[in-house]
Amino acid sequence: MLRLKKLLSFIFNLIFPRSCINCDKFLPGSYYTGFCLDCIKLTKEFNIKQHQAICNILEDKIIDDFNARFVYNDVISKIITNLKFHDQPHYAEILANLLTKQVNGFKSENCLLVPVPVHTKRLLKRKYNQASLLTKYISKNTDIKYSNNALKRVKHTPHQTGQSAKIRKKQLKSAFLAKSTIIKDKDIILIDDVFTTGSTVKLCAQELKDKGAKSVKVVTIAYTAL
Ligand SMILES: [Zn+2]
């Protein structure tokens, strides 16, 4: 059985050669994490104990817990930009595999995966929501149900890059709308690509709790150390 599995994996790799998502180097063999051994060394694993800023954010209990796979840096930035803007949605499957452990760490009996939504206007431009794609593959890996309708973005806000936290907060106020019938009494695991100031996920978490969610935990690919 194991032999057959190995053989099938070998054939699959011949047909669909896997490469490193950072440097495109061909990666033979069945064990595949997305990065080659050289590039994985360029990433930094996230450890909450090393980041006081996120501990401070968790203190107000709007977000009940947080975890990420990586600390944001040039390598992660390139991969997330590819996922977001360069029409490479297959990256989502690879990145979702890298988040299985973090999401399973927050798993409970009554939990639901919810992606941070984007407004329809942006969705039309980009064709897909990267957080939603990630969530779909995470659901497949963890057997946790997911919903794209639990939380909607009802207000279109300009790109946030380069704006102060205060302006962002003002723009994002009442930008989200949660559906009580889907999220009531659920432990929500909110999925996004990057955690920066936390203003977006905090507003999502607040709206989810206002509509009856029991708890809201957040998992992202990367955490930006400020
Ligand atoms: Zn590489």
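Quick caveat: nothing in here was measured; it's all calculated off a predicted structure.

When helices and strands are tallied, the protein chain shows 11 helices and six strands. Expressed as a percentage of the 226 residues in the protein chain, the buried residues total 46%. In the protein chain, once contacts between residues fewer than 6 apart in sequence are set aside, the share between residues at least 24 apart is 73%. About 12700 Å² of surface is accessible on the protein chain, with carbon and sulfur atoms providing 56% of the total.

All right, on to the coordination of the zinc ion then. Bound to the zinc ion are the protein donor atoms Cys20 (SG), Cys23 (SG), Cys36 (SG) and Cys39 (SG), situated 2.3 Å from the metal. One can describe the donor arrangement at the zinc ion as tetrahedral, given that its four donor atoms subtend angles of 101 to 116 degrees at the metal. For the zinc ion, the single-chain donor residues occur in sequence as C-x2-C-x12-C-x2-C. With respect to class, Cys36 is no different from Cys39; both count as buried.

Another aspect to go through is helix α5 (residues 90-97). Of the positions making up α5, those classed as buried are Tyr91, Ala92, Ile94, Leu95 and Ala96. Of the surrounding secondary structure, the elements contacted by the buried residues of α5 are α4 (74-85), α6 (100-104), α8 (130-142) and β6 (215-223).

The full count for this structure, using the stated rule, is six aromatic pairs. With centroids separated by 5.9 Å and ring planes inclined at 80 degrees, the aromatic side chains of Phe35 and Phe70 adopt a geometry described as edge-to-face. One end of the pair, Phe35, is in the loop between α1 (2-15) and α2 (37-40); the other, Phe70, is in strand β1 (residues 65-71), and 35 residues separate them in sequence. Like Phe35, the residue Phe70 is buried in the burial classification. Their ring planes at 50 degrees and their centres at 5.1 Å tell us that Phe46 and Tyr223 sit as a pair that is tilted. Of this pair, Phe46 sits in the loop between α2 and α3 (52-59) while Tyr223 sits in strand β6, placing them 177 residues apart in sequence. Tyr223 matches Phe46 in its accessibility class, with the two residues each being buried. Connected via pairs of aromatic rings, a cluster forms that spans Phe46, Phe66, Phe195 and Tyr223.

So, on to the sheet that holds β6. On the basis of which strands lie adjacent, the open sheet formed by four strands has the order β1-β6-β5-β2 and parallel pairing. Sheet topology places β1 and β2 (111-115) at the edges, where each strand pairs with a single neighbour. Along the sheet, successive strands turn relative to each other by an average axial angle of 20 degrees, direction set aside. When strand β5 (residues 187-195) meets β6, the two strands line up parallel, connected through eight bridges. When the bridges of β6 are listed, Phe195 appears paired with Tyr223. Along the sheet face, α4 touches β1, β5 and β6 and points at about 110 degrees away from the line of β6.

For the rest of this paragraph, the subject is the nonpolar core. Within soluble globular proteins, side chains that are nonpolar tend to cluster in buried spots. Formed by 35 residues in total, the largest nonpolar core has its most connected members in Phe35, Leu95, Val103, Ile189, Ile191 and Ile221. Elements represented by at least two residues in this core include exactly α4, α5, β2, α8, β5 and β6. The residues that make up this core include at least three from each of domain 1 (1-42) and domain 2 (44-223). Counting residues in each nonpolar core, the second largest holds 29 residues, with Ile62, Leu112, Ile183 and Ile188 among its members.

Once that is clear, we can look at α8. With 13 residues, α8 should reach 18 Å at 1.5 Å per residue; the first-to-last C-alpha distance of 18 Å fits that figure. A large share of α8 lies buried, amounting to 10 of its 13 residues. Those residues of α8 that fall on the buried side of the exposure criterion are Gln130, Ala131, Ser132, Leu133, Leu134, Thr135, Tyr137, Ile138, Ser139 and Thr142. Between the side-chain oxygen at the start of α8 and the backbone nitrogen of Ala131 there is a gap of 3.0 Å, and the oxygen is on Asn129. A positive backbone phi angle near 60 degrees is found at Asp143, which sits one or two residues after α8.

Scoring rules and cut-offs
- Residues numbered from 1 in each chain as written.
- Predicted model: local features only at pLDDT ≥ 70, side-chain atom pairs only at ≥ 80, totals over all residues.
- Heavy atoms only, no water.
- Helix = DSSP H or I, 4+ residues; strand = E, 2+ residues; numbered from the N terminus.
- Buried < 20%, exposed > 50% of the residue type's maximum accessible area, 1.4 Å probe, protein only.
- Contact = heavy atoms within 4.5 Å.
- Areas by Shrake-Rupley, 256 points an atom, 1.4 Å probe, with all protein chains shown as cover.
- Donors = N, O, S within 2.8 Å, 3.2 Å for Na, K, Ca; no water.
- Tetrahedral: all angles 85-135°; square planar, octahedral: opposite > 155°, others 65-115°.
- Phe/Tyr/Trp six-rings, centres within 6.5 Å; stacked < 30°, edge-to-face > 60°.
- Pairing = 2+ DSSP bridges.
- Axes fitted to C-alpha atoms, helices over the stretch in contact; angles between N-to-C directions.
- Core = buried A, V, L, I, M, F, W, Y, C linked by side-chain atoms within 4.5 Å.
- Domains from an automatic or database assignment.
- Expected span 1.5 Å × (residues − 1).
- Polar contact = N/O pair within 3.5 Å; in protein donor to acceptor, adjacent residues only side chain to side chain.

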